[in-house]
Amino acid sequence: SGEAYDPLEFTASHREYPFGTVLLITNPMTGRSTFVRVIDRGPVSETYLIELSAAAATALDLDPNAARQVEIRELP
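The structure displayed is predicted, hence computed values, not measured ones.

Asks: I'd love a proper account of the pairing of strand β2 (residues 22-26), names of residues and values included.
Replies: Counting buried residues along β2, four of its five residues qualify, which places the element largely inside the surrounding structure. The sheet contact formed by β2 and strand β3 (residues 33-40) spans five bridges and is antiparallel. Residue pairing in the sheet places T26 in a bridge with S33 of β3. If you look at the hairpin formed by β2 and β3, you'll find six residues sitting between the two strands, and G31 has a positive phi there, around 80 degrees. With four bridges connecting them, β2 and strand β5 (residues 71-74) associate as antiparallel partners. Looking at β5, one finds that I25 is bridged to I72.

Structure follows, in structure tokens:
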């Protein structure tokens, strides 16, 4: 999208959702949820579906440097 990555913003990278799409991300292990906005294409590795900013990962009680399972819901 051309928007600079800011680890303090609640953003994400996804291969298919349009830029600006707001997603509700939930950590199924804790039930914690947060909203993120898609600003980039990725993640680079085909193994992963989405990449969250450090702020979003922290809000979900996830290690921002480790792969974890999350639930993704697109908002209307």
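Asks: Explain the side chain of T26 residue by residue, including any values.
Replies: Position of T26 relative to the elements: it lies in strand β2. Look at T26 and you get buried, because its relative accessible area is 14%. Only 2.7 Å separates the side chain of T26 from the side chain of S33, close enough to count as a polar contact. Excluding residues within four positions of it along the chain, T26 makes contact with G31, R32, S33, L60, V70 and E71.

Asks: Before we move on, can you summarise unusual backbone geometry with the specific residues and values?
Replies: In this structure, the amide linkage connecting G42 to the following residue, P43, adopts the cis form with an omega of 0 degrees. Considering the arrangement of structural elements, one finds P43 in the loop between β3 and β4 (50-52). Despite not being glycine, D61 shows a phi value in the positive range, around 65 degrees. In this structure, D61 sits in the loop between α1 (54-59) and β5. Judged by its relative accessible area of 49%, D61 falls in the partly exposed class.

What counts and what doesn't
Residues numbered from 1 in each chain as written. Predicted model: local features only at pLDDT ≥ 70, side-chain atom pairs only at ≥ 80, totals over all residues. Heavy atoms only, no water. Buried < 20%, exposed > 50% of the residue type's maximum accessible area, 1.4 Å probe, protein only. Helix = DSSP H or I, 4+ residues; strand = E, 2+ residues; numbered from the N terminus. Pairing = 2+ DSSP bridges. Polar contact = N/O pair within 3.5 Å; in protein donor to acceptor, adjacent residues only side chain to side chain. Contact = heavy atoms within 4.5 Å.

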